Amino acid sequence: MKTLILFSLKRRFVNRMSLMVNGLTLIAILGILNADYVVAALNLQMGQLVPISVNETTRQSLVDISEWEMAGFTFDDDAEIAIHYDDYQYQVTGAVDPLTQNAIGGLLLKSHQLRILTEADPSLESFMVKFNTVPIHFDPPWDPLAALRENLLFSILTAAYFMVLNFIAVNSSEVIGEKTSNVLEMILSRLKPRDHFLAKVITGLSSLFLQFLSTGTMLGLTLWARYRHDRFVGLIRFAIRVFKISPDIINTETVMAFLSPNPELLIRFAIALGVLMLGMTILLVLIIIVSAHVKSVEEAAMVQGPFYLGLLALYYLSLGLLNPQSLEAGWGKVVSLLPVGSMLLMGMRVLNGTVRTVELLFSVGVSFLVLGIIIGAGYPIYRRGLIRQ
């Protein structure tokens, strides 16, 4: 069995296509985390500041200069786009692009409103401040970084969900390929059907672990290299220009606080990932059992198609139930306690910290029970499928 597992892993990972995919993954990670250098090297206009020319009178009428820089503009006396302010009226020349016109118009309107407010009677200014602000205290306080971390980790769980589906398809194709190419007869002459069955399950889970380890290592090393280079300063400035994010929201301190390890959150993520893997193991065993009875590639497509459509429907159902009310007391809570359905929903409840220990233990216990029943009842079916080639 050990030889079969090592052979299957080598066949999956030590080949040109696998190396190409990992190479493209590394290129994508490098490109995203060094987007500022990529855009500069390709001389793209993305994220570049638009120069505008203003005279001193106009500059004094622009109440908040930082708003213009946040919107992607910079001041240059030789720029083609010029803004002149005279007699409470703005004259803009050279702005041909409608998007640029809309951006300039919105900023000038805001400057106009702020200037009128500052020139108004103090009582009116005080009234407007009170009208536009309301003191609110949340208990417990809302932490935007914590919410962002949870959303990022759920995105990782979603990526893992679809990644596992791919490896399940590979396992299914291996079993069918061995049957159709008559290789299975030689394998079963040296290996018991039970060992062949366990080898396929272990190979599938090992493949997923190795892919996670490979991708995580590439991402971690790239993040470390970018941090050592400039502490993400260039990437942060690029994000501020492109996505029009306030420097108060994203800066070096907030990025480092976001990336700083949170032991409690890491433990919750590990539990959520474990629940996902448990559900995927159930699906992996099911598809392997079914694949043993498939005699051709055409039959495999007929079996795998509805199977993947069902999993896709489950994914969108999980997204539909992904709200606090449903997760805490609605259908989302019910589905999160069931095998397979718990893969994403229970993981999200764990990340949000809204699941009780007894509910988590119940969900995991039921999944293990169902997995044991499927293996116990499914192995004879799998064995008959291998014999009846």
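Residues numbered from 1 in each chain as written. Predicted model: local features only at pLDDT ≥ 70, side-chain atom pairs only at ≥ 80, totals over all residues. Heavy atoms only, no water.

Some words on the pattern of salt bridges
Under the counting rule described, the total for this entry stands at six salt bridges. Look at the salt bridges and you will find they share partners, linking K333, R349, R356 and E359 into a network. (Salt bridge = Lys/Arg side-chain N within 4 Å of Asp/Glu carboxyl O.)

Considering the packing of aromatic side chains
One pair of aromatic rings is described through two measures. These are the centre distance and the angle between the planes. Applying the stated criterion to the full structure yields four aromatic pairs. Relative to Y90, the ring of Y85 lies with its centre 4.7 Å away and its plane at 45°, an arrangement referred to as tilted. Summarising the burial analysis for this pair, Y85 and Y90 share the class buried. With 4.9 Å between their ring centres and 55° between their planes, F197 and Y382 make a pair best called tilted. Taken together, the residues span a long stretch of sequence, with F197 in helix α10 (residues 193-230) and Y382 in helix α18 (residues 357-387) at a distance of 185 residues. Classification of Y382 as buried rests on a relative accessible area of 0%. (Phe/Tyr/Trp six-rings, centres within 6.5 Å; stacked < 30°, edge-to-face > 60°. Buried < 20%, exposed > 50% of the residue type's maximum accessible area, 1.4 Å probe, protein only. Helix = DSSP H or I, 4+ residues; strand = E, 2+ residues; numbered from the N terminus.)

Some words on the nonpolar core
Ranked by size, the top nonpolar core spans 42 residues in total, and within it Y161 and M343 carry the most contacts. Of all the secondary structure elements, the ones that give two or more residues to this core are α8 (144-180), α10, α13 (263-291), α14 (297-320), α17 (342-352) and α18. Among the elements that make up this core, the one with the highest residue count is α13 (13 residues). Setting aside chain neighbours within four positions, we find Y161 in contact with L276, M280, L311, L314, Y315, M343 and L344. (Core = buried A, V, L, I, M, F, W, Y, C linked by side-chain atoms within 4.5 Å. Contact = heavy atoms within 4.5 Å.)

Description of the confidence of the model for the protein chain
On average, residues of the protein chain score 79 in pLDDT, and 89% of them are at 70 or above. Ranking the elements of the protein chain by mean pLDDT puts α8 last, at 70, and helix α2 (residues 16-33) first, at 90. (pLDDT = per-residue confidence, 0-100.)

Some remarks on the pairing of strand β3 (residues 81-86)
Each regular strand carries side chains that alternate between the two faces of the sheet. One ladder, built from three bridges, connects strand β1 (residues 50-54) with β3; its direction is parallel. For I52, the partnering residue across the bridge sits in β3 and is I81. Alignment of β3 against strand β4 (residues 89-93), held across five bridges, turns out to be antiparallel. Its bridge partner lying in β4, I83 is registered against V92. Taking the residues between adjacent antiparallel strands as the criterion, β3 and β4 are bridged by two residues, where D87 takes a positive phi near 55°. (Pairing = 2+ DSSP bridges.)

With respect to the sheet that holds strand β2 (residues 73-75)
Pairing is mixed across the open sheet formed by four strands, whose spatial order is β2-β1-β3-β4. This sheet does not close on itself; its edge strands, each paired only once, are β2 and β4. Taken over all neighbouring pairs, the strand axes of this sheet differ in orientation by 30° on average, direction set aside. With three bridges connecting them, β1 and β2 associate as parallel partners. Paired with P51 across the two strands is T74, which belongs to β2. (Axes fitted to C-alpha atoms, helices over the stretch in contact; angles between N-to-C directions.)

Details of a nonpolar patch on the surface
Taken together, the side chains of M17, M20, V21, L24 and I27 define a hydrophobic patch exposed on the protein surface, amounting to about 530 Å² of accessible area. Topologically, M17 is positioned in helix α2. Accessibility expressed as a relative area gives 54% for M17, which makes it exposed. (Patch = residues over 30% accessible without salt bridge, like charges linked within 9 Å, V, L, I, M, F, W, Y side chains within 5 Å. Areas by Shrake-Rupley, 256 points an atom, 1.4 Å probe, with all protein chains shown as cover.)

Things to note about the environment of I287
Note that I287 resides in helix α13. Assessed through its relative accessible area of 2%, I287 is described here as buried. For the pair I287 and Q304, spaced 17 residues apart in the sequence, the C-alpha separation amounts to 8.2 Å.

Notes on the side chain of D230
Along the chain, D230 turns up in helix α10. By relative accessible area, which is 18% here, D230 ends up buried. Within polar-contact distance, the side chain of D230 engages the backbone nitrogen of F232 at 3.1 Å. (Polar contact = N/O pair within 3.5 Å; in protein donor to acceptor, adjacent residues only side chain to side chain.)

Examining the packing of α10 against α18
When two helices pack together, their arrangement is given by the angle between the helix axes and the distance between those axes. Packing of α10 against α18 leaves a shortest axis separation of 10 Å and a crossing angle of 110°. Here α10 lies roughly perpendicular to α18, going by the angle between them. Read as a crossing pair, α10 and α18 show a hand that is right-handed. Counting all contacts with α10, which are made through P193, R194, H196, F197 and K200, the residues of α18 involved are I375, Y379, Y382, R383 and L386. Among the residues making up the contact of α10 with α18, the classes are represented as six nonpolar, one polar and three charged. (Parallel < 35°, antiparallel > 145°, perpendicular 65-115°, else oblique. Left-handed = near helix turned anticlockwise from the far one by under 90°. Nonpolar A, V, L, I, M, F, W, Y, C, P; charged D, E, K, R; others polar.)

Focus on unusual backbone geometry
For residues other than glycine, phi is negative in most cases, and the peptide bonds are mostly trans. The phi angle at F232 is positive, at roughly 70°, despite the residue not being glycine. Here F232 lies in the loop between α10 and α11 (233-243). According to the relative accessible area criterion, F232 is buried, its value standing at 5%. Although it is not a glycine, V340 adopts a positive phi angle of roughly 70°. As for its position among the elements, V340 is in the loop between α16 (331-336) and α17.

Notes on the packing of α2 against α10
Here α2 crosses α10 at 30°, and the two axes come no closer than 10 Å. Judged by the angle between their axes, α2 and α10 are roughly parallel. Two packed elements cross with a definite hand, and for α2 against α10 that hand is right-handed. Contact residues: α2 offers N22, T25, L26, I29, L30 and L33, while α10 offers Q211, S214, T215, M218, L219, T222, L223 and R226. Each residue belonging to the contact of α2 with α10 can be placed in one class, and the counts come to seven nonpolar, six polar and one charged.

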